[in-house]
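# Coordinate analysis (summary)
Each chain, written out:
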Amino acid sequence: MSCSSSKVFIALFTFLALQACQEKMEVSEKPPNIIYIMSDDHTTQGFGIYGSRLASLNPTPTLDKIAREGMIFENCFVNNSICTPSRAAIITGQRAQTNGVLDLDGRIEAARQFLPIEMKKLGYQTALVGKWHLKEEPAAFDYYQVLPGQGKYFDPEFRVRGDKPWPENIVQTNGHSSDMIMDITLDWFKTKRDPDKPFFLMHQFKAPHDDFENAPRYEDYLKDTFIPEPESLYDNQNNGSLGTRGKNDSLTRIIGSSVSRRNLVRNQAMNIYVDSAIHRSYREAGDIRPEEYVKWEMTPGEKAYASRVYQDYLKKYLRCVKGVDDNVKRLMDYLEAEGLLENTIIIYTGDQGFMLGEHDYIDKRWMYEESMRMPFFVRYPKAIKPGSRTDAIIGNTDFAPTMIELAGGRVPDYMQGKSFKTILETGREPEDWQKAAYYRYWMHMAHKHANPAHFGIRTKDYKLIFFYGRYYVDTDDPNASWDTKNWGNDFTRHTPAAWEFYDLKKDPKEMNNAYGDPANKQIIADLKQQLAQLREGLNETDAHYPHIQKVIDTHWDD
């Protein structure tokens, strides 16, 4: 071979090698796919990984495996533990008074569906399957197939894009919603996904939202198993305050839907052991003044009754959870078989926490730990160390900014949440990371659940809650903008203002409201200062609700 031929050969070889290297780099730098999976009311107690009293039942083997292959968050908190406001915070990256969704009547139109909008800017194909619950058409997504409102557990209908205006294009399915939602997701992968684009999929189960209805194949699951019970179901000790219990416990018969027959307006016993005469007396309880209630006592007979109700309630809940876990396995198996798992970020959460009998409460809404705390974990072995955990405080407004950064984008200025991408990748919490979570529940004594309105602050060590109740105002007052449908309908009750303080290091189950203990005076003062700063910085003051602000001013230093 001549010298000139050798040079040409070397040049050609070098060119091809560099081209192959470049192609390899382009493949390795391909943006990650992102799957965001969210269940409804799947609380941290309903997992193995969070070490609750239910962990020994192994309720979520698939989800636990995914979590252990990534990072588990110990301190993920919802801004407002109710479906619509939580979902609005996730899709917008904004707080309630900024995105306008304070309660269940809130809606997010296409122009403010910021998360899919930003993902599409980054070149992602976007899809939404399952529960939506934000009323307006999810038109910012390339593809959607969503339940109307809460949807049904069996034979659910779905709203889709079509020739008719939203929400008139309907697809009927036959089966259990968890199965149907996964069927739709897998069909999207097989028939509608663009293989030339990274994808962003929001897969959102209805389950295990109450009233629980599991697929028939789970009827024998846990049938003969005793479900561990929380001690606070039977003895709430010093949890609560004047704002939640009333003077001499006069409000306990109507506040906080219960497992036992404590709550006259709504309790789980009504759904299981129906007695028409008793049920009628419950409905008529709204006409009884609190001072006329007979004080509730958890007698041995009532304890046995509550235990039967609890066992039935938890088994139905966990059967719905089992359906979610099994369907997630279907998804993981598909991703692995198709070679998609390696470059796909898997995120799992619930839209809030849920009370499973703690303090004799069911449902959510409360700022108490089981309701406020969200499960949250992320799997992506390329960048996230398997088996890692963090106690960094994050919230649902932080989800969208984080996913945008994981996709290679920049967090838009209009989002209030902060990206925790560096925590995922390094396992370390930055020194300037947020030190507290702010919570606000607006719907005072609404929907028979009868939870007083409240707000508060949660740090890693402490929780401070202010129950401001509802103070009636003149209907001619232009500032009186109470939503009577969602804020205190037929069972409206005036409740007193009160503070609660929990030292979570000493009292993780929140059994002792230590607000009145002089030893906590300085800690509480510091928390109040932080709380005021958070409310101001997050645009969460009551500047537009002077009647509430008056209550706050009156009782701030109580």
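The following paragraphs examine the structure supplied in this document. Computed from a predicted structure; not experimentally measured.

Another aspect to go through is the side chain of Asn396. Looking at the element boundaries, Asn396 is found in the loop between strand S13 (388-395) and helix H12 (399-406). In this structure Asn396 comes out as buried when scored by relative accessible area, which is 0%.

With that settled, consider the packing of helix H5 (residues 114-121) against H12. Contact geometry of H5 with H12 gives a least axis separation of 10 Å together with a crossing angle of 10°. Between H5 and H12, the angle is such that the two are roughly parallel. Residues Leu115, Glu118 and Met119 of H5 lie in contact with H12, whose contacting residues are Ala400, Met403 and Ile404. Counted by class, the contact of H5 with H12 contains five nonpolar, no polar and one charged residues.

Glancing now at the pairing of strand S4 (residues 143-146). Of the two faces of S4, the one carrying Tyr143 and Gln145 and the one carrying Tyr144 and Val146 are both buried. Where strand S3 (residues 125-130) meets S4, four bridges bridge the pair, whose relative direction is parallel. Note that in S4 the partner of Ala127 across the bridge is Tyr143. Alignment of S4 against strand S5 (residues 157-160), held across two bridges, turns out to be antiparallel. Among the inter-strand pairings, Gln145 is bridged to a residue of S5, identified as Val160.

It is worth spelling out the nonpolar core at this point. In this structure, Phe73, Phe200 and Phe399 are the most contacted members of the largest nonpolar core, which totals 70 residues. If sequence neighbours within four positions are ignored, Phe73 has contacts with Tyr50, Phe376, Val378, Thr390, Ala392, Ile394, Phe420, Ile423 and Leu424. Core analysis: the next-biggest nonpolar cluster, separate from the first, contains 62 residues, Leu147, Trp188, Tyr221 and Val328 among them.

Moving on, we get to unusual backbone geometry. Residue Pro208 is reached from Ala207 by a cis peptide bond, and omega for that bond is -5°. Mapped onto the secondary structure, Pro208 falls in the loop between strand S7 (199-204) and helix H7 (242-245). In the segment running from Asp210 into Asp211, the intervening peptide bond is cis, with an omega of 0°. Topologically, Asp211 is positioned in the loop between S7 and H7. One non-glycine residue with positive phi stands out, namely Asn248, at about 55°. Within the fold, Asn248 resides in the loop between H7 and helix H8 (269-272). The exposure class assigned to Asn248 is exposed, which follows from its relative accessible area of 64%.

Before going further, it helps to spend a moment on the packing of aromatic side chains. Taken as a whole and assessed by the stated rule, the structure comprises 33 aromatic pairs. Between the aromatic rings of Phe114 and Tyr414, the centroid separation amounts to 4.3 Å while the plane-to-plane angle is 45°, which identifies the pairing as tilted. With Phe114 in helix H5 and Tyr414 in the loop between H12 and helix H13 (421-426), the pair connects residues that are 300 residues apart, well separated along the chain. Look at Phe114 and you get buried, because its relative accessible area is 12%. Among the residues examined, Tyr414 registers a relative accessible area of 31% and is labelled partly exposed.

What counts, and where the lines are drawn
Residues numbered from 1 in each chain as written. Predicted model: local features only at pLDDT ≥ 70, side-chain atom pairs only at ≥ 80, totals over all residues. Heavy atoms only, no water. Helix = DSSP H or I, 4+ residues; strand = E, 2+ residues; numbered from the N terminus. Buried < 20%, exposed > 50% of the residue type's maximum accessible area, 1.4 Å probe, protein only. Axes fitted to C-alpha atoms, helices over the stretch in contact; angles between N-to-C directions. Parallel < 35°, antiparallel > 145°, perpendicular 65-115°, else oblique. Contact = heavy atoms within 4.5 Å. Nonpolar A, V, L, I, M, F, W, Y, C, P; charged D, E, K, R; others polar. Pairing = 2+ DSSP bridges. Core = buried A, V, L, I, M, F, W, Y, C linked by side-chain atoms within 4.5 Å. Phe/Tyr/Trp six-rings, centres within 6.5 Å; stacked < 30°, edge-to-face > 60°.

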